[in-house]
Amino acid sequence: MTKLIEADHVFRYFGAYCAVHDLSFSLAKGQVLGFLGVNGAGKTTTMQLLCGLLAPSSGHILINGYNVLTHPILAKQSLGYLPDTPPLYRDLTVSEFLRYCAQLHNIPTKQCHAAVHSALGRCSLGAVQHKLISQLSKGFQQRVGIAQAIIHNPDLIILDEPSVGLDPIQIQEIHTLIKELGQTHGVILSTHRLSEVQESCTDVQIIHDGKLILQKNSAELAAIMSTEKLCLRTRLALDPAALTANTDITHITVISTQHLEIHYHANANPTPKITEQLIAAGVDILELSPIKKSMEEMFIELIQENSK
Amino acid sequence: MKALIIAQHEFKSLFLSPLAWSLLGVLQFIFAYLFLTQIENFMRVQPQLAFIEHAPSLTDIIVPPLFGNAGIILLLLCPILTMSVICQERRTKTFALLLSAPLSSTDIIVGKYLGISFLLMVITSGISLMPLSLALGGSIDLGKLACNALALTLLVGAFAAVGVFCSTLAPHPVLAAILSFSFLLLLWIMDWSTAIKEQANEIINYLSLVRHFQNLQTGLIHSADLGYFLLFIASFLWLSIRCLDYQRLQK
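Residues numbered from 1 in each chain as written. Chains lettered and ligands numbered in written order. Predicted model: local features only at pLDDT ≥ 70, side-chain atom pairs only at ≥ 80, totals over all residues.

**Q** Even after reading the chapter, I still don't get the overall build of chain B, so can you show me in this structure?
**A** When helices and strands are counted, chain B shows twelve helices and zero strands. From first element to last, N terminus to C terminus, chain B shows the α and β order α-α-α-α-α-α-α-α-α-α-α-α. Over its C-alpha atoms chain B spans a radius of gyration of 20 Å, differing by no more than 12% from the 18 Å that the globule rule assigns to 251 residues. Dimensions along the principal axes, computed over C-alpha positions, put chain B at roughly 70 × 45 × 30 Å. Each of the 251 residues in chain B was classed as buried or not, and the buried ones make up 37%. (Helix = DSSP H or I, 4+ residues; strand = E, 2+ residues; numbered from the N terminus. Rg over C-alpha atoms; globule rule 2.2 N^0.38 Å. Buried ≥ 20, exposed ≤ 12 C-beta atoms within 10 Å, placed from the backbone.)

What follows is the structure, encoded as structure tokens:
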């Protein structure tokens, strides 16, 4: 099966400034790729390169097997793109605008109505379909932007910061939509919100100063984020000495009499043993859970490492 | 076919803003005034015309001056109409929609150009209707009127092509308007210098827009004049397409 995206050693220079440095990655159907980076890291440039808005200085990008530069029309046929500023004609109503987008994407006139209708439904825009785009709130405009990107049911959907300006409920809806889209399409999502990646992505890439500094799928990411620490809370005070018999435990930090932090050897999860021991000793456990590095901590660590 | 979809959209959106409506209204008013002045002229000289052999007809007195003046007025207005065609879309970031859609640069430029041209054709047909109304009471040379309408359509078509090119090139709409206006004015007045020096400079004469326009106005359709306008339009559209491609590579 051809990959939806194959980027091969892509560079992009603006004058002497290198915005994208040696970027290589691929994406298949069913993947939702989160593209993370601080402001100015090269996220938007990468998105523009993928969509053929910019040409790479060297290297090549294939979309569905077609080179974006040499076969732009075939490549863009299977592409839906939401730029960082949604490209909306403010003088049109929502359904007029979507109809125009459908026509631009080669949808036959007879099927336009159905395509517009399904896009309106998927982005819950039915109530505002006859309103002028200029009268819509930022969140609704953003949704029109997403509707525009998915109207022709493309194999590959590229969303540049789709949740900007949305309220928490709308963000939740968008995440559900992205997950749903991810099952049948390939999705690339650029963002600087880490929670977004945790929620809806199957793969993560972090870009910094134009270079990819991390490429992982969600399982690998979970492994990186594990700290080999457990948090234990009990109802009554607990003597840490009661747990020292367990050889997997390296040491125990006492935070308060009812709250311990248990450090253990990598690859040996002592949770079942501890539970057994504590229950045998008749201790009431309130909480026993692994402590994970937050996405934020990992992100900041990586960026700092690479800035040095 | 894609170009037609863009053209249709462009034409419609011109009428969504007050721009096209006010332009049509104001222009029709000005042209009507010019038309009446020509009629007044004709009424004044009519008694003398009866005594002249091979006297100029009603069509000769009214139509060419009307269309000539219309050409100059549209030279002023065309740059304003075309200035935002690409430039504004780039500034409001809506251009990404067209760039990420399966369209070639040719589709985009030709579509935009046709959209503007449709509006200009509405304007030229508005002008042509006025002399046509004289057919109700007098006799009018329809062939000559058709030639004048064709000449004006080709002329504004050339204006629009320059306008689209300047809009592709310039980073700001006002700059695009200034660029295209100066360039068109230069082409318009190009043959003035040869008139002063009484030296016929073939190349400059050939480049001048007025020459070819006036040749067509006389009712003589010469392939060189038609060729000039078609070549003019085609080369500016080609330049715009190249410019768009180049911007994608550079930017």
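**Q** Would you mind showing me how to read the sheet that holds strand β4 (residues 58-63) of chain A here?
**A** Sheet strands associate in pairs through backbone hydrogen bonding, adopting either a parallel or an antiparallel arrangement. All names here are of chain A. Strands sit in the order β2-β1-β4-β5 across an open sheet of four strands; the sheet is antiparallel. The open sheet has two free edges, formed respectively by β2 (17-27) and β5 (66-67), since each of these has just one partner strand. Pairing of β4 with β5, which is carried by two bridges, proceeds in the antiparallel orientation. Counted as the bridge partner of Ile63 is Tyr66 from β5. Packing of helix α1 (residues 43-51) onto the sheet brings it into contact with β1 (5-14), β2 and β4, and relative to β2 it is tilted by some 60 degrees. (Pairing = 2+ DSSP bridges. Contact = placed C-beta atoms within 7 Å. Axes fitted to C-alpha atoms, helices over the stretch in contact; angles between N-to-C directions.)

**Q** So what exactly am I meant to see when it comes to the packing of helix α6 (residues 105-132) of chain B against helix α7 (residues 142-169) of chain B here?
**A** Any two packed helices are characterised by how steeply their axes cross, that is the angle between the axes, and by the distance between the axes. All names here are of chain B. Two numbers describe how α6 lies on α7: the axes approach to 9 Å, and their chain directions differ by 150 degrees. Classified by the angle their axes make, α6 and α7 are roughly antiparallel. Crossing hand, α6 versus α7: right-handed. Of the residues in α7, those touching α6 at Ile109, Lys112, Tyr113, Ile116, Ser117, Leu120, Met121, Thr124, Ile127, Ser128, Pro131 and Leu132 are Leu145, Ala149, Leu152, Thr153, Val156, Gly157, Ala160, Ala161 and Val164. (Parallel < 35°, antiparallel > 145°, perpendicular 65-115°, else oblique. Left-handed = near helix turned anticlockwise from the far one by under 90°.)

**Q** Would you explain the packing of helix α1 (residues 2-16) of chain B against α6 of chain B in this entry?
**A** Residues and elements named next belong to chain B. Viewed as axis vectors pointing N to C, α1 and α6 meet at an angle of 40 degrees, and their least axial separation amounts to 7 Å. Regarding the angle of α1 to α6, the classification is oblique. Handedness of the α1/α6 crossing: right-handed. Seen from α1, the contacting residues are Lys2, Ala3, Ile6, Ala7, Glu10, Phe11 and Leu14; seen from α6, they are Asp107, Ile108, Val110, Gly111, Lys112, Leu114, Gly115, Ile116, Phe118 and Leu119. Here the residues of the contact of α1 with α6 are counted per class, giving eleven nonpolar, two polar and four charged. (Nonpolar A, V, L, I, M, F, W, Y, C, P; charged D, E, K, R; others polar.)

**Q** Sorry, what's going on with the interface of chain B and chain A here?
**A** The accessible area lost on association of the parts is a frequent measure of interface size. With 18 residues of chain B at the contact, the number on the chain A side is 22 residues. Secondary structure elements with two or more residues in the side of chain B that touches chain A: α1, α5 (95-100) and α12 (223-249) of chain B. Residue classes in the side of chain B that touches chain A are distributed as nine nonpolar, six polar and three charged.

**Q** Looking at this structure, I do not really get the pairing of strand β6 (residues 79-82) of chain A. What am I missing?
**A** Walk down a regular strand and you will see the side chains alternate between the two sheet faces. Residue and element names in this part refer to chain A. Covered by surrounding structure in β6 are Leu79 and Tyr81 together with Gly80 and Leu82, the residues of both alternating faces. Of the strand pairs in this sheet, β6 and strand β7 (residues 156-160) are connected by four bridges, and their pairing is parallel. Within the sheet, the bridge partner assigned to Gly80 lies in β7 and is Ile157.

**Q** Explanation requested: the environment of Leu220 of chain B in the structure shown.
**A** With respect to the helices and strands, the residue Leu220 of chain B is situated in the loop between α11 (209-217) and α12. Along the backbone, Leu220 of chain B and Ile109 of chain B are 111 residues apart, and their C-alpha atoms lie at a distance of 32 Å.

**Q** So what exactly am I meant to see when it comes to helix α6 (residues 168-184) of chain A here?
**A** Each turn of an α-helix holds 3.6 residues, which means side chains three or four residues apart point in the same direction. End to end, α6 of chain A covers 25 Å across 17 residues, agreeing with the expected 24 Å (1.5 Å per residue, within 8%). Packing partners of the buried residues in α6 of chain A comprise β3 (32-36), α5 (138-150), β7, β8 (186-191) and α7 (194-200) of chain A. (Expected span 1.5 Å × (residues − 1).)

**Q** Where do I start with the nonpolar core in this structure?
**A** Considering soluble globular proteins, one finds that nonpolar side chains tend to be buried as a cluster. With 130 residues, the main nonpolar core has Phe97, Leu98, Ala147 and Ile158 of chain A together with Ala158 and Ala161 of chain B as its most contacted residues. Ranked by residues supplied to this core, first place goes to α7 of chain B with 16 residues. Among the nonpolar cores identified, the runner-up in size contains six residues, and Leu230, Leu260, Ile262 and Tyr264 of chain A belong to it. (Core = buried A, V, L, I, M, F, W, Y, C linked by C-beta atoms within 7 Å.)

**Q** Honestly, the pairing of strand β11 (residues 226-234) of chain A in this entry has me stumped. Any pointers?
**A** All names here are of chain A. Direction of pairing for β11 relative to strand β14 (residues 285-292): antiparallel, over a ladder of six bridges. Directly across from Cys231, in β14, lies its bridge partner Ser289. Relative to strand β13 (residues 259-264), β11 runs antiparallel, the two sharing five bridges. Note that in β13 the partner of Cys231 across the bridge is Glu261.

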